[in-house]
Amino acid sequence: MRKRVVVTGYGIISPIGLSAKESYKNAINGVSGIDKITKFDATNFEVKIAAEVKGFNPENYVEKKEVKKYDLFSLYALVAAQEAIENSGLDLEKLDLFRCGVSVGSGIGGLGTIEKYEQALMQRGYKGVSPFFIPTAVINMAGGNIAIKYRLKGPNYATVTACASATHAIGFAARNIIYGDADVMIAGGCESTITPLAIAGFQNMKALSTRNDEPQKASRPFDSKRDGFIVGEGAGILVLEEYEFAKKRNANILAELVGFGMSDDGYHITAPDPEGKGAIYAMQMALNDARLNPESIDYINAHGTSTYFNDKIETLSIKTVFKEHAYKLAVSSTKSMTGHLLGAAGGIEAVFSAMVIENSIIPPTINLEHPDPECDLFYVPNVSIEKKVNAVMSNSFGFGGANAVLVFKKFNE
């Protein structure tokens, strides 16, 4: 019999909150986390806005002398994991730590650290480069630092599939449990790339919104006046457990992760397949894995980037998979408030998906003022809705054509 995977804890660091509870509260209230860039001087950039994490002081979480050992992307993951573990009620000291693993993805990783030490090398020579540079910047140190803090000795790896990284990380973590490799997996994604190099790169490929005078209205998925995404940062982490293991310790089960699907467009380095073939296949595979028919899904947390092609093709893909039921679904993009957290996006959105099941309140797509005729589904415009939700799909699509989809369901014994 296939092992069941349940969600027992979650944690978030995001542009709209320093915890899962605060982030979800602000999401259902339509609060935008997008504003002028403060992390560097963007005066001469075409793009001057981003979704920064606010009020985060690293010294509140690690000793001052230890801060230099962490890039922010990794520290965000560590803090979100701490919240998730505390939320789950796990007493790690009583567990077989070889049965507890970590799966945390990131799209870009320690870019800020790379920029910092490249400048140090140019200005001061090789002696200006810290011995902590490499272990600070590499992507797998997000999960590595979590494992080190909690002495976890089970599977530990990082997924790197651009904006699908966290969703892949969660899906593969679930499979570790299904295949019997672990009883507990700490899974999700993290990112912190609001840096000159990243903004310049995304800006010059014309991917970002230039609505600099109205930052909080800049991210507008499915709106006909959308003009690009907003770079965000943060982390979203879930605690996944094998059901019988969670039951034995009387865990508070928040949701069940029942489906995971993935594919690639095999089409273009950044643009989605115009017919949505890869996205369609990934959604169908997730439903098959969940053993659910399309009519069972009540809500989709859409990838919804606020870019012309993504929103249009994702809508087409949803309609192809769900047919008439597509018009009965609630679909929303929380990126309208958080911005696009790149490799962390699927982590935060997976947490939101579980919280929707738990709380029966669906976050809105804010700034949906001029609906695109080609985006004609119910996107929960501007105001959250209360609705009993039994099953949720969470979509993530990344550069290179990577597609990853999760399905969560209300837990029933």
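As annotated in an unreviewed UniProt entry, the chain carries the name 3-oxoacyl-[acyl-carrier-protein] synthase 2 and comes from Desulfurella amilsii. The heading Pathway (unreviewed entry) in the UniProt record of the chain holds the text "Lipid metabolism; fatty acid biosynthesis."

Draft legend 1. How the structure looks around the side chain of Asp273. As for its position among the elements, Asp273 is in the loop between strand 8 (255–264) and helix 9 (277–290). Of the side chains with opposite charge, Lys277 lies nearest to the buried Asp273, which makes no salt bridge, at 5.2 Å. Apart from residues no more than four positions distant in its own chain, Asp273 is found in contact with Asp265, Tyr267 and Ile313.

Draft legend 2. Molecular detail of the side chain of Asn145. Counting through the fold element by element, Asn145 comes out in helix 5 (residues 141–150). With relative accessibility at 12%, the residue Asn145 sits in the buried group. The residues contacting Asn145, other than those within four sequence positions of it, are Tyr70, Ser74 and Leu78.

Draft legend 3. Looking closely at the domain arrangement of the chain. Here the chain is partitioned into domain 1 (5–249) and domain 2 (258–410). On a C-alpha basis, the centres of domain 1 and domain 2 stand 20 Å from each other. At the junction of the two partners, domain 1 supplies 67 residues and domain 2 supplies 59 residues. Carbon and sulfur atoms make up 68% of the area that domain 1 and domain 2 hide from each other, which totals about 4,700 Å². Area buried by domain 1 at its contact with domain 2 is led by Tyr24, Cys163 and Phe222, which between them contribute 19% of it. Summed over the shared surface of domain 1 and domain 2, the result is 4 salt bridges. The shortest N-O distance in the salt bridge between Arg220 and Glu369 comes to 2.8 Å. Where domain 1 packs against domain 2, one counts 25 residue pairs in polar contact (both at pLDDT 80 or more).

Draft legend 4. Quick look at helix 3 (residues 111–124). Between the first and last C-alpha of helix 3 there are 20 Å, a value that for 14 residues agrees with the 20 Å anticipated at 1.5 Å per step. Among all positions in helix 3, only Leu111, Thr113, Glu115, Tyr117 and Ala120 are buried. Contacts made by the buried residues of helix 3 are with helix 4 (133–137) and helix 7 (196–204). Two residues or fewer past helix 3, Gly125 is found with a positive phi of approximately 80 degrees.

Draft legend 5. Here's a closer look at the sheet that holds strand 7 (residues 234–242). Pairing is mixed in the open sheet, where 10 strands are placed in the order 5-4-6-7-1-8-14-13-9-10. Where the open sheet ends on each side, the last strands, each with one partner, are strand 5 (156–157) and strand 10 (330–332). The pairing of strand 13 (residues 391–398) with strand 14 (residues 402–409) spans 8 bridges and is antiparallel. Of the residues in strand 14, the one forming a bridge with Gly398 is Ala402.

Draft legend 6. Representation of the state of the cysteines within the structure. A full pass over the atoms with the stated rule returns 0 disulfides. As a non-bridged cysteine, Cys100 has Cys190 as the owner of its nearest cysteine sulfur, 20 Å distant. Between Cys375, a free cysteine, and Cys163, which holds the nearest cysteine sulfur, the sulfur-to-sulfur gap is 18 Å. On the basis of relative accessibility, which here comes to 4%, the residue Cys375 falls in the buried class.

Draft legend 7. Seen up close, a nonpolar patch on the surface. On the surface, Leu121, Met122 and Tyr126 cluster together to form a nonpolar patch covering roughly 370 Å² of accessible area. On the secondary structure map, Leu121 appears in helix 3.

Draft legend 8. Local environment of the UniProt feature "active site" (unreviewed entry) in the chain. In the numbering used here, UniProt assigns the "active site" (unreviewed entry) feature to Cys163. For Cys163, a relative accessible area of 9% gives the class buried. Cys163 has contacts with His303, His340, Leu342, Gly343, Ser396, Phe397 and Gly398, leaving out every residue within four places of it along the chain.

Draft legend 9. How the structure looks around the packing of aromatic side chains. Tallying each qualifying case throughout the model produces 11 aromatic pairs. Ring geometry for Phe172 against Phe260: centres 5.5 Å apart, planes inclined by 85 degrees, an arrangement best described as edge-to-face. Here the residue Phe172 occupies a position in helix 6 (residues 165–178), and Phe260 occupies one in strand 8, the gap between them amounting to 88 residues. Taken together through their ring pairs, the aromatic side chains of Phe56, Tyr61 and Tyr76 make up a single cluster. Over the ring of Tyr243 we find Arg4, and its NZ or CZ is 4.8 Å from the ring centre.

Cut-off values and rules
- Residues numbered from 1 in each chain as written.
- Predicted model: local features only at pLDDT ≥ 70, side-chain atom pairs only at ≥ 80, totals over all residues.
- Heavy atoms only, no water.
- UniProt positions renumbered as here; feature names shortened; annotations may be inferred.
- Helix = DSSP H or I, 4+ residues; strand = E, 2+ residues; numbered from the N terminus.
- Buried < 20%, exposed > 50% of the residue type's maximum accessible area, 1.4 Å probe, protein only.
- Lys, Arg positive; Asp, Glu negative; His and termini not counted.
- Salt bridge = Lys/Arg side-chain N within 4 Å of Asp/Glu carboxyl O.
- Contact = heavy atoms within 4.5 Å.
- Domains from an automatic or database assignment.
- Buried area = accessible area lost by both parts, 1.4 Å probe.
- Polar contact = N/O pair within 3.5 Å; in protein donor to acceptor, adjacent residues only side chain to side chain.
- Expected span 1.5 Å × (residues − 1).
- Pairing = 2+ DSSP bridges.
- Disulfide = S-S within 2.5 Å.
- Patch = residues over 30% accessible without salt bridge, like charges linked within 9 Å, V, L, I, M, F, W, Y side chains within 5 Å.
- Areas by Shrake-Rupley, 256 points an atom, 1.4 Å probe, with all protein chains shown as cover.
- Phe/Tyr/Trp six-rings, centres within 6.5 Å; stacked < 30°, edge-to-face > 60°.
- Lys NZ or Arg CZ within 6 Å of the ring centre and 35° of its normal.

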